[in-house]
Amino acid sequence: MLRAGSVVTCIACSNLLPSRMGVKFRVPLQKLHPLSRAIHHRYTANNNPQRPPHCSAARHYTSLSRLPMRPPKSRSGGHGYQQHRSFWVARLAARLLKLRYILLGSAVGGGYTAKKTYDEWKDMFPDMSQYTWIVPDFVWELSENIDLDKLASALPELEDLAKLLPDMEKIGENFTFLKSLLSSETTGESTLRATDIPPTSAAMSDSSEKQFKKSSDKEKVDQLQEELLRTQLKYQRMLERLEKENKELRKVVLQKDDKGIHQRKVKKSLIDLYSEVLDILSDYDSNYNTQDHLPRVVVVGDQSAGKTSVLEMIAQARIFPRGSGEMMTRSPVKVTLSEGPHHVAMFKDSTREFDLGKEADLAALRHEIEIRMRKSVKEGQTVSPETISLSVKGPGIQRMVLVDLPGVISTVTTGMAADTKETIFSISKAYMQNPNAIILCIQDGSVDAERSIVTDLVSQMDPQGKRTIFVLTKVDLAEKNLASPSRIQQIVEGKLFPMKALGYFAVVTGKGSSNESIDSIKDYEEDFFQSSRLLRDGMLKAHQVTTKNLSLAVSDCFWKMVRESVEQQADAFKASRFNLETEWKNNYPRLRELDRNELFEKAKNEILDEVISLSQVTPKHWESILQKKLWERVSTHVIENIYLPAAQTTNSGTFNTTVDIKLKQWTDKQLPHKALEVAWETLQEEFARFMAEYKEKDQDDIFEKLKEAVKDESIKRHKWNERAMDSLRVIQHNALEDRSITDKSQWDAAIQFMEETLQSRLKDTDSVIADMVGPDWKQRWMSWTNRTPEQHIRNETKNELERLLKLHEDHTAYLANDEVTTVRKNLEGRGVEVDPVLIKDTWHQLYRRHFLQKALLHCNLCRRGFYYYQRHFVDSELECNDVVLFWRIQRMLAITANTLRQQLTNKEVRRLEKNVKEVLEDFGEDTEKKVQLITGRRVQLAEDLKKVREIQEKLEAFIEALHKEK
C-alpha cells in the first residue's frame, strides 16, 4: 500500500500507473482516474462497510485489465460455477455495448465540434460574392468552351511526377558524406602500429590509400553535381512543357469569339494604360519642374554588344533592323510588351498590325522601323533623340516597357557627324538620370571587359547599383575564347567591374546568323548551358542564365519600381495642374481653355465663313470692280500703242486699219492674260477685304498669322482654267470687231469715257512735266524752293520745244535729227549744255500733252457727231473715228468684266473655297505648322493644362487598375 496525501490507496491503484513514470510524488485520491478509485474501493470494502460498492462494470473492467491481487477461488464443479460463468458472459456483453455507446457518442460529439469549428472559420472569411464582377465573364464560361476533363486527363499522374523527383535518400547520403569529408579531422593514433608494419611499406600503403580516397571523393562530388544538374534540367523541362500548355490554353481562351467573349467592350490592359501615360509624357513640354520620373527599362550598351538581340529575345521576335558592325539603332525605340492571343506588333501612330509569325510582315516591320529612324535623323546628324513607339503583344510575353537606345561608341568614324559620340551620351544620360529607370546594362562577353565604355557611364548614373541589371551576352563565345573561365565568374559576381548591380545574368542570343529564328536561338541557348562547364563547375547559378530568367527578373523589378513610384508621380502632376489652373484664372478669367487644336478649329470655321461671304457679292459690284481694274491695267497700252500711233495717220481709212491691226495683235497676245490677272487680283482683294471686315468685328488676334498663311497658300495653289482663257480671247476679239453704235446714249457714253480717259492722262502728263522742270516762279516765292541744275536744263529745253510746237502745231510725234540738233544749238547759244536724249525725252512728254489737249477739243466737237456717224461721215468735215475706238474699248471692257464675273461666281470662288479647305486640312495635320502659326502664352498655357489633366487622369486610371490587380 502507498501513502497518497491523507488517503490510503491500494496496491492496484499503484499498478495502474505506468512503470516508466515512477511515482515519486504524492497524488490526492480525488485526482486519480475514476477507474482507479473504483478499484481502490473494491479492495477496501471491508474497512468501510457503510459505503456501497461500485458497479460491477468497473469491477469487471478492472479484473480484465489487471492480474488478480489475490489467488482466485477454485471454480471446480457444481452449479455455482455455471451460474458464475453465465454472469461473466453477461457482464462482457454489457461492457461491449457500453463501449459501442462511448464510440458513438464520441463520433457525434467530434462531428458537432468539427462542424462548429468549420462554421467559425467560414464566418471569418469575407463575402466574396460582391467581388464576382472583377472576374471576367469568359472565366465562368470556361467549362462551356473547354473540356476540363480532357485537360485534366492530359496532365501527368502523381506517379509520373514522383519519378521525376530526385532520389532524396541518395542525395542525403552524398551530402552526409561531403559534410563528413570536409569537417572531419583525423584524431588519435592509427590502428596499425609502426612496429607491426615496416616503415617503407606503411608509408606507401598510407599514400596509396589517401590517393584512392581522394579520387573516390572527387568522383562522388562529380556524380553529385551531375545528379543535381540532371534534376534541375528535369524540372526545367517539365516547367517549360507546362508553360507551353498554359500558353496554348490561354491562347484558346482569348480566341474564343464564337460565343461573344470579345464582342463586348474590352478594357485596356494594365501595361497599355501605363504605355499611354509614357507616350503623353514624351510629348509633354515639362514646366513647373514637373519631370517624368515614371519607370522604364532603359537598354544601354556598347555598339554591337547585343542590346537589340536581348530585346528581341524578350519580345520573342526578330523585329529590329540588323547589320554587321554598323550602327543600326539611330534613335530611341520604346517597346511596350504585353500578353495577347496573337503575336503582333503595332506602331503608336498607325493602325496596321504586323503578324510576327509571318516572315513577310517581319521584314516589313524591320523596314518600317529603319525608315522611321532615318526620317527622324535631321540633315547632317547621325542619331536622333526622337522616340519611336512600338507595341508588341503575344502569348507568354512578360509585361514591361523597354527603351532601346543607340549603342555607345568610343570613336567617330567616317560618315558620322562630328558630335555623334556626345549626342549618344546625352541621349543615354537623359534616360538614365530618371531615378526610377531600370538600367539594363549589356556587356559583350566575347571581347575584353576593359574595352567596355558603357560600364563607366552606368556607374556614374547609378553608383550604388540600386536599379541596374547587368547582362553578359555571347557567353558561348566567351567560354570558347577565354583561357580562364573564372573570369566570367568574376564578371557575373560583380567582382571585375567597379560597377554595382541588382543582379547579374549570362545569356546567349544566337550563333551570329541574322536568319536564325527565336525558337532555334532558345534551343541553342538551352543546349549550351546544359553542356556548359560554367554551370557544371558552379561558376554560374541556374537562375543567372537564359534570357527567359532575365525577362522574368526584369519584369518583376519593373513592376516593383512602378508600384513604388507611380503615386508619387501622380501627386507631382496634381500640384502642377493646380499651378496652371491658378495662372489661367488670374490671366484669362473670361476665356475658355482652348488648346491649340481647338483654337485651330475655331479659326478654321471663321476662315470658311469668310470664303462663303464671297458668294454674296453682287454681280454689279463684281463687274464694276473688274472693269475699273482692267482699264487701269490696259489704258496705258491703249493710249500709247494703239491710239497715238493711229492718230498720226492722215485719213480715216488708215486710222481704222491701224487700229484694227493693233487691236488684233493685242487681243491675241496680251489682253486675255491681263484680264485673268485682273480677275485673280480682284478675287484676292475681295477675299482680303472680307477677312479684314470680319477682323474688325470680333476676330481673335491670335488667328492673324494663321489666316494670312492660309490666304497666301490658297492663292499660291489656285490656278485658272486655261480653257477659260481661250474662250475669253474669242469673246474679246468679237467685241472689238463690232463698230456699230446703235443709239445716242451709247455714243454719249463713249464720248464721256474718252473724255475721262484723256483728262486723266493729261493730268498725269502735266504732273510728270512739273516734276521734270521743277517749281514755277509762284511756288518758288511761296515755298522758298529752287530748281535743281537738271530741272533748270529741262525747263530751258521745255521752253525751246514749246516754241517749236507753236510754229508747227501739226508736228508728228517724233523729232527729226536735224530738229534735235537745232534745239541743242539754240540752247548752247544761251549757255545751256543739253544731251540729245534729254531733248527727246522732254519732247515726248510735251507732245503727249499737246496731243491730249487737241484730242479733248476734238472730243467736244464730236458730241454732236452721232448724226454724221450714222451717215458714215459723208459730206462732213468732222470725223470721229477715235470716239468709235473708245466705244469698242468700252464695250470690250464691259463684256470681259461680265465674262470674268460669271467665271468667278460660278467656278473660281468655289475652287478658292476648295483650296482653302485643303490648306486648312493640311495645316491641321501638320503639328509643327500649327505650333508656328498659333502662338502665345495663352495657347501654351491651355496646352499644358490639357496635357497635365490627361496625364493625371491616365495615371489615376492606371493606379486604380494596379490596385485591383493587387
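Details of the structure are given in the entry above.
The text that follows walks through the structure, step by step, so that each part is easy to find.

Rules of the game
Residues numbered from 1 in each chain as written. Predicted model: local features only at pLDDT ≥ 70, side-chain atom pairs only at ≥ 80, totals over all residues. Heavy atoms only, no water. Salt bridge = Lys/Arg side-chain N within 4 Å of Asp/Glu carboxyl O. Helix = DSSP H or I, 4+ residues; strand = E, 2+ residues; numbered from the N terminus. Buried < 20%, exposed > 50% of the residue type's maximum accessible area, 1.4 Å probe, protein only. Pairing = 2+ DSSP bridges. Contact = heavy atoms within 4.5 Å. Axes fitted to C-alpha atoms, helices over the stretch in contact; angles between N-to-C directions.

**Structural notes on the pattern of salt bridges**
By the definition in use, this model includes 45 salt bridges. For E943, the salt bridge goes to R596, with nearest N and O atoms at 3.9 Å. Highlighted residues: E943 in helix 35 (residues 937-965) and R596 in helix 21 (residues 596-613), separated in sequence by 347 residues. Take R596: its relative accessible area is 9%, and that puts it in the buried class. A network of salt bridges, in which partner residues are shared, links R577, E581, E593 and R949.

**Observations regarding the pairing of strand 3 (residues 297-301)**
Counting buried positions along strand 3 yields five of five residues, so the element is predominantly enclosed. Burial along strand 3 is two-sided: the residues V297, V299 and G301 and V298 and V300 are all buried. Here strand 3 runs beside strand 8 (residues 400-404); their pairing, made up of three bridges, is parallel. Bridge assignment links V297 to a residue of strand 8, and that residue is L402. Looking at chain direction, strand 3 and strand 9 (residues 438-444) are connected through five bridges and run parallel. In the sheet register, G301 faces strand 9, and the bridge partner there is I442.

**Structural notes on the pairing of strand 4 (residues 333-339)**
Of all seven residues in strand 4, six are buried; the element is thus mostly enclosed. Two elements, strand 4 and strand 8, share five bridges in a ladder whose sense is antiparallel. Across the sheet, the residue bridging to T336 is V401, located in strand 8.

**Looking at the sheet that holds strand 8**
If you walk across this open sheet you meet the nine strands as 6-5-7-4-8-3-9-10-11, and the pairing is mixed. Strands with a single pairing partner mark the edges of an open sheet, and in this sheet they are strand 6 (354-355) and strand 11 (503-506). Sitting on the sheet, helix 15 (residues 454-461) is in contact with strand 3, strand 9 and strand 10 (468-473), with an inclination near 160° to strand 9.

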